[in-house]
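Residue-level structural notes
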Amino acid sequence: GVGISLCCDNGWVEGPSNTCYKFVITQKVTWAQAIGLCMDMGGHLATLDSEIEITWMKGYRSHKPELRHEELWLAGYLKDGRWMWKGEVADALILSTDWAANEPNNYQNSQGCLQLYADTATLDPATQWFRFDDVSCDDMQGYVCEKYDD
């Protein structure tokens, strides 16, 4: 049935391509802390590495009031001038992107980690809401973990 997953553990949501996601919004952490916390849960900080995942995430969040207003960490980070997904073993170049308008801008040369925008009133719904944005890795915010169905 809708919202019930036979494959994902309790508290995790079934996404596309045999992935399970967990949204953590009660605890605000840095990007590096989010990396470690997802590993502790048997997963990894989420990578949206296909158009299908990007589209699913936008749609899912847009229908969940508690997730609409949260900026959320993903596993992307700036490494030697290139945006990479932090991998469990090896990093991967970010190929499918969904950058918000005017992003990434590396504001004040201090924005090296990737978050998903919220539905902030000052942002444009069409070009910015729920899209990729680069921010300081020390910002404190919620995060999305991902793991694959066993």
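None of these values were measured; they are calculated from a predicted model. (Residues numbered from 1 in each chain as written. Predicted model: local features only at pLDDT ≥ 70, side-chain atom pairs only at ≥ 80, totals over all residues. Heavy atoms only, no water.)

Points about helix α2 (residues 51-62)
The α-helix winds at 3.6 residues per turn, so residues separated by three or four positions along the chain end up facing the same way. Helix length check: α2 (12 residues) gives 17 Å between terminal C-alpha atoms against 16 Å at 1.5 Å per residue, within 8%. Contacts from the buried residues of α2 go to β2 (19-29), α3 (65-68), β4 (72-79), β7 (113-116), β8 (132-135) and β9 (141-148). (Helix = DSSP H or I, 4+ residues; strand = E, 2+ residues; numbered from the N terminus. Expected span 1.5 Å × (residues − 1). Contact = heavy atoms within 4.5 Å.)

Quick word on the packing of aromatic side chains
How two aromatic rings sit relative to each other is given by the distance of their centres and the angle of their planes. Scanning all chains against the criterion turns up eight aromatic pairs. Both rings, one in W83 and one in W99, keep their centres 5.0 Å apart while their planes meet at 65°; by these two values the pair is edge-to-face. A residue pair is termed long-range when its members are at least 10 positions apart, and W83 in strand β5 (residues 82-85) and W99 in the loop between β6 (92-93) and β7 qualify at 16 residues. Accessibility assignment for this pair places W83 and W99 in one class, buried. Centre to centre, the rings of W99 and F132 are 5.8 Å apart; their planes meet at 85°, and the pair counts as edge-to-face. In this pair, W99 is assigned in the loop between β6 and β7 and F132 in strand β8, connecting sequence segments 33 residues apart. With relative accessibility at 18%, the residue W99 sits in the buried group. Over the face of the ring belonging to W12 we find K147, whose NZ or CZ atom lies 4.4 Å from the ring centre. (Phe/Tyr/Trp six-rings, centres within 6.5 Å; stacked < 30°, edge-to-face > 60°. Buried < 20%, exposed > 50% of the residue type's maximum accessible area, 1.4 Å probe, protein only. Lys NZ or Arg CZ within 6 Å of the ring centre and 35° of its normal.)

What about the side chain of D119?
Inspection of the secondary structure assignment puts D119 in the loop between β7 and β8. D119 gets classed as buried once you look at its relative accessible area, which sits at 12%. A distance of 2.8 Å separates the side chain of D119 from the side chain of H69, its partner in a polar contact. Look past the residues within four positions of D119 in its chain and what remains in contact with it is R68, H69, W129 and F130. (Polar contact = N/O pair within 3.5 Å; in protein donor to acceptor, adjacent residues only side chain to side chain.)

A word on unusual backbone geometry
The step from E103 to P104 runs through a cis peptide bond, and the omega angle for that step is -5°. Within the secondary structure, P104 is located in the loop between β6 and β7. Not every positive phi belongs to a glycine, and N102 is a case in point at roughly 70°. If you trace the backbone, N102 turns up in the loop between β6 and β7.

Structural notes on the state of the cysteines
Counted according to the given criterion, the structure contains three disulfides. Here C38 engages in a disulfide with C145; their sulfurs sit 2.0 Å apart. Of note, the bridge from C38 to C145 carries an S-S torsion of about -85° and is left-handed in sense. Within this pair, whereas C38 is found in helix α1 (residues 31-40), its partner C145 is found in strand β9, the two being separated by 107 residues in sequence. (Disulfide = S-S within 2.5 Å.)

Looking at the pattern of salt bridges
All told, the structure shown has six salt bridges when counted by the stated rule. With a closest N to O distance of 2.8 Å, D9 and K147 form a salt bridge. Taken together, the residues span a long stretch of sequence, with D9 in the segment before β1 (13-14) and K147 in strand β9 at a distance of 138 residues. You can call D9 partly exposed: its relative accessible area is 41%. (Salt bridge = Lys/Arg side-chain N within 4 Å of Asp/Glu carboxyl O.)

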